[in-house]
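# Chain and residue survey
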Amino acid sequence: MRRRHFLGLCGSLVAGTAGCLQGTDGPADSPERRTDRSSTTPTTAPATGSSAVEITSAAVQPGVVGPNTPDSIGVFDEFGQYLVVQVSGAGPAYDAFEFRFDGQRFSPTTLQNGLYRDEEWGVRYSDGSGPVLFGLPETGDASDARLQFGERTWEPPQPVRDRLEAPLPTFDVTMRGPDRAGPNRDPVLLVTVTNEGDRSGWYTLALNRSGPLIASAPLRRIAGTLDPGQERTITHDARSPFSPDADPHAVTYRLDTPGDDPALSHTIEPTERTKTPGWTDEGTATASGAE
């Protein structure tokens, strides 16, 4: 079992309902096979001075998930917290937005490779719609918080202001699964997240896989909210170390979380090569024995 602690911050719905919006920087899950999916319905809030632009969602998060290399995803957390605002309609240019917080003015943050959303690379704000990101200090006075673009203004509801000001709760994350798997077994990977803080919080994770037959592949963004003391286990259908196209090979999963510690990892090794139905004496898979 691999364990890691990190800090996370809960986001809030634009409408002012306490809670966290899933899917602001991407869906809560973007897996090979999706499990444990929960969702909320975003509401709309027109910006003052414009009937053509709507802020459809907003969330405060400890990090955002985006392409890290050409074949992997990671959690970006260079700032204390992120405000992610979803704009719909006919908004201005990206750099025309400005967010005021704690007596300061912040320009939008740009990820070089965009965001990772539901198996889609490089999701960006374009043609007046999409996510607008602001990297902000971890805490501050949110009494003056507002989004400004030209003569137009959007003021976040009180729950968003509260989350901008609140200290970050601590999360404990573990990843576990079988150490070995045979050719006729479907291994399962379990990611457990526990909120060890005293307030609701948002967690953001990025899962990648290496092997068999590939050096690296992005699997899913895992994100959601937990109340104090609450625990959630996410199940992921892992790949077998056995492939019909190659000799058995270890499969390694890597889970990136906010923070400076190395990513969690778990490796599933193939069982000893024996004469299993569908396999040759040399231990090479036949088509009939493949999973």
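Before reading on, note that the structure itself is shown above.
Below is a short write-up of the structure. (Residues numbered from 1 in each chain as written. Predicted model: local features only at pLDDT ≥ 70, side-chain atom pairs only at ≥ 80, totals over all residues. Heavy atoms only, no water.)

## Describing the overall build of the protein chain
To keep it simple, the criterion reads: Elements are defined by DSSP. Helices are runs of H or I of four residues or more, strands are runs of E of two residues or more, and each kind is numbered from the N terminus. The contact definition used throughout considers only heavy atoms, calling two residues in contact when any of these lie within 4.5 Å. In short, Shrake-Rupley with a 1.4 Å probe defines the accessible areas, and a residue's cover is counted only from the protein chains shown.
Counting secondary structure elements, the protein chain contains one helix and 21 strands. For the protein chain, restricting intrachain contacts to residue pairs at least 6 apart in sequence, the fraction spanning at least 24 positions comes to 71%. Accessible area for the protein chain stands at about 12,800 Å²; split by element, carbon and sulfur atoms hold 44% of it.

## So, the environment of Y253
How we decide: Whenever a nitrogen or oxygen atom comes within 3.5 Å of another N or O atom, the pair is scored as a polar contact, on the condition that within protein one atom can donate a hydrogen and the other can accept it, and that pairs from neighbouring residues in sequence are kept only if both atoms are in side chains.
If you trace the backbone, Y253 turns up in strand 20 (residues 251-256). The spatial distance from the C-alpha of Y253 to the C-alpha of L207 is 7.0 Å, given a sequence separation of 46 residues. Here R239 takes part through its backbone nitrogen, which lies 2.7 Å from a polar atom of the side chain of Y253.

## Brief notes about the side chain of T109
Relative to the elements of secondary structure, T109 occurs in the loop between strand 8 (104-106) and strand 9 (115-117). A distance of 3.0 Å separates a polar atom in the side chain of T109 from the backbone nitrogen of G135. Ignoring sequence-local partners within four residues, the contact set of T109 consists of F79, Y94, L133, F134 and G135.

## Considerations on helix 1 (residues 158-165)
Defined as follows: Per-residue accessibility, obtained with a 1.4 Å probe over protein chains only, is compared with the maximum for each type, and a residue is labelled buried under 20%, exposed over 50%, and partly exposed between these values.
Those residues of helix 1 that sit buried are P159, V160, R161, R163 and L164. Tucked into the core, helix 1 has its buried residues touching strand 3 (53-61), strand 6 (81-89), strand 7 (97-101) and strand 11 (130-136).

## A word on the environment of T235
Position of T235 relative to the elements: it lies in strand 19 (residues 231-237). Given the relative accessible area of 28%, T235 is considered partly exposed. In this structure the C-alpha to C-alpha distance between T235 and L189, which are 46 residues apart in sequence, comes to 5.9 Å.

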